[in-house]
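Next come the chains, spelled out residue by residue.
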Amino acid sequence: MTSIGVVGAGAAAAAATYVLDGAVPSAEVTVLEKSRGVCGRAATRRRGDVTYDYGANYVKSDDDRVVELLTETLDSDGLVDVTEPIYTFDAEGTVSEGRDADDHKWSYRAGLTQIAKRLLGETDATVENATRAETLVRDGERWRVVDTDGGEWGPFDALLLNPPAPQSAELLREAEWESEARRDLAEAADAVPYRTIWTAVLGYEFELDRPYYALVNPDRDHQIGWIAREECKAGHVPDGESVLVVQANPDWSVERYDDDAAENVAELADLTAEVLDDERLADPEWTDHQGWRYALPDEGVRRGAVDDAAQADLYALGDWVAGEARLHAALRNGLDTGEQVAYALE
């Protein structure tokens, strides 16, 4: 019996697991996920009748294979497309038309986590939530994983590594695997630069009438980098209400990351009111927040280091391997990695 381990249940890991379940039907796949949910930074929360995506905001239709996966292969019930455009704003908060290059901007009525839930739901994989990998162990030609509670998983014929590059680098540095490939991949992953993003979610009991779905600050010269209107996603926000997902720019996020959350939210609400020129927005009815220390990789990992580790049946995957901080890129990388693993196990 072939056994495959997956560390992390992000979008790439879910896509790879989906491929492996079909390509290697005799394999037992075990996914170890530190959180209680799946889909990583494509994260969704609910508050009463409100649903909001507070990490990645949507999936772009920039990859034909991912488009086919979402619209034809998987159950597309509840898939929603944001049709309103994306505008820009500058350092002074001046809003302009200008950025709507995306053909489609997809989410689900139940939120973006549906991507991983639907992919994994099509498989016989075992997903172990609240299980944080601590040590990777190479035993001869196979792998084991020890979690932070001392539990052991495996042995695995192949191991897939999906956490963000800095966390993957830490696992590799501490791995019980004497290999130049381990050291090389750890150094390469450690070198991937990341943007930190602090996010506020602002809820209002009135409708916000604007001609756009979101505003982006492309020059990164404002304290806010992104403001999105969740009510533009069908099924997310009841009629007569508005929900804004506000992402601070990386410099602000790093500087304020550990500051009082309520103060951070209040400042971002004030800044949002200024950009949207509506003083009501400074006083939301309810709020939420999330700090993403490793939100967006600015570069991809050195490919040679990934390929060398794969020779020992250790496969890194995710947006940091794809080299593009986009959900569709992570999904495509997962699909491709799943096929690579299946071919190697033949």
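Parameters at a glance
Counting from 1, residues in each chain are numbered in the order their sequence is written. Side-chain atom pairs in this predicted model are given and counted only at pLDDT of 80 or more, local residue features only at pLDDT of at least 70, and totals for whole chains, interfaces and linings cover all residues. Note that the side-chain values use all heavy atoms of the structure and ignore hydrogens as well as water. Pairing between strands requires that DSSP locate at least two bridges from one strand to the other. Helix and strand definitions here come from DSSP, where helices need a minimum of 4 consecutive H or I residues and strands a minimum of 2 consecutive E residues; each element is numbered from the N-terminal end. Inter-axis angles, ranging from 0 to 180 degrees, are taken between N-to-C directions of lines fitted to C-alpha atoms, where helices are fitted over the stretch in contact. Each polar contact in these results corresponds to two N or O atoms within 3.5 Å; when the atoms are within protein, one needs to be able to donate a hydrogen and the other to accept it, and residues that are neighboring in sequence are counted only if both atoms are side-chain atoms. Whether two residues touch is decided by their heavy atoms; if any such pair falls within 4.5 Å, the residues are in contact. Only Phe, Tyr and Trp rings are paired, with Trp represented by its six-membered ring, and only when their centres lie within 6.5 Å; those with planes under 30 degrees apart are stacked, over 60 edge-to-face, the remainder tilted. With a 1.4 Å probe rolled over the protein chains alone, any residue whose accessible area is under 20% of its type maximum counts as buried; one over 50% counts as exposed, and the rest are partly exposed. By definition here, charges over rings are those cases where NZ of Lys or CZ of Arg is within 6 Å of the ring centre and within 35 degrees of the ring normal. Source of the domain bounds: an automatic or database domain assignment. Buried surface area refers to the total accessible area, computed with a probe of radius 1.4 Å, that the two partners give up upon joining, counted for both partners together. Salt bridge, as used here: a side-chain nitrogen of Lys or Arg that lies within 4 Å of a carboxyl oxygen of Asp or Glu. The classification used treats Ala, Val, Leu, Ile, Met, Phe, Trp, Tyr, Cys and Pro as nonpolar, Asp, Glu, Lys and Arg as charged, and all other residues, Gly among them, as polar.

**A few points about the sheet that holds strand β14 (residues 158–161)**
With parallel pairing, five strands are arranged side by side in an open sheet as β10-β2-β1-β14-β20. Two strands in the sheet have a free side with no partner beyond their single neighbour: β10 (126–128) and β20 (314–316). Averaged over neighbouring strand pairs, the angle between their axes works out to 20 degrees when direction is ignored. Across three bridges, strand β2 (residues 28–32) lies against β10 in parallel orientation. Note on β10: the bridge partner recorded for Thr-30 is Thr-126.

**Details of the environment of Asp-75**
Inspection of the secondary structure assignment puts Asp-75 in the loop between α2 (64–73) and β6 (79–81). A C-alpha to C-alpha distance of 9.9 Å links Asp-75 and Glu-122, two positions 47 residues apart in sequence. For Asp-75, the side chain forms a polar contact with the main-chain nitrogen of Asp-77, separated by 2.9 Å.

**Observations concerning the environment of Phe-206**
By the secondary structure assignment, Phe-206 is in the loop between β15 (194–204) and β16 (214–216). It is 39 Å that separates the C-alpha atoms of Phe-206 and Pro-163, two residues lying 43 residues apart in sequence. Look past the residues within four positions of Phe-206 in its chain and what remains in contact with it is Gly-240, Glu-241, Ser-242, Arg-280 and Leu-281.

**Details of the packing of aromatic side chains**
Taken as a whole and assessed by the stated rule, the structure comprises ten aromatic pairs. Considering the side-chain rings of Tyr-58 and Tyr-213, the 6.1 Å spacing of their centres and the 70 degrees angle between planes classify their relative orientation as edge-to-face. Of the two residues, Tyr-58 sits in the loop between β4 (50–53) and β5 (59–60) while Tyr-213 sits in the loop between β15 and β16, which places them 155 residues apart along the sequence. Across the pair, Tyr-213 and Tyr-58 agree in class, each one buried. Measuring from centroid to centroid gives 6.3 Å for Trp-198 and Trp-252, while their planes differ by 65 degrees, and the two rings are edge-to-face. Residue Trp-198 is located in strand β15, and its partner Trp-252 is located in helix α6 (residues 250–256); the two are separated by 54 residues in the primary sequence. Look at Trp-198 and you get buried, because its relative accessible area is 3%. A connected cluster of aromatic rings, assembled from ring pairs, spans Tyr-52, Tyr-54, Trp-286 and Trp-292. Its guanidinium or amino end placed over the ring of Tyr-54, Arg-45 lies 4.1 Å from that ring's centre, counting from NZ or CZ. Taking NZ or CZ as reference, Arg-280 lies 3.9 Å from the ring centre of Phe-206, over its face.

**Thoughts on the domain arrangement of the protein**
Splitting the protein by domain gives domain 1 (2–45 + 115–193 + 298–345) and domain 2 (82–106 + 194–297). On the domain 2 side, the residues contacting the 16 residues of domain 1 number twelve residues. Interface of domain 1 and domain 2: buried area, both sides summed, is about 1,200 Å²; carbon and sulfur atoms make up 52% of it. Of all residues in domain 1, the largest losses of buried area upon contact with domain 2 belong to Arg-41, Arg-45 and Asp-298, amounting jointly to 46% of the total for that side. The interface formed by domain 1 and domain 2 contains two salt bridges. When the shortest N-O distance is used, the salt bridge between Arg-195 and Asp-298 registers 2.7 Å. Across the domain 1-domain 2 interface, the total number found is seven residue pairs in polar contact (both at pLDDT 80 or more). Of all the elements in the fold, those that place two or more residues in the side of domain 1 that touches domain 2 are α4 (165–173) and α9 (319–322). Among the elements that take part in the side of domain 1 that touches domain 2, α4 stands out by supplying three residues, more than any other. Looking at the side of domain 1 that touches domain 2, its residues break down into eight nonpolar, two polar and six charged.

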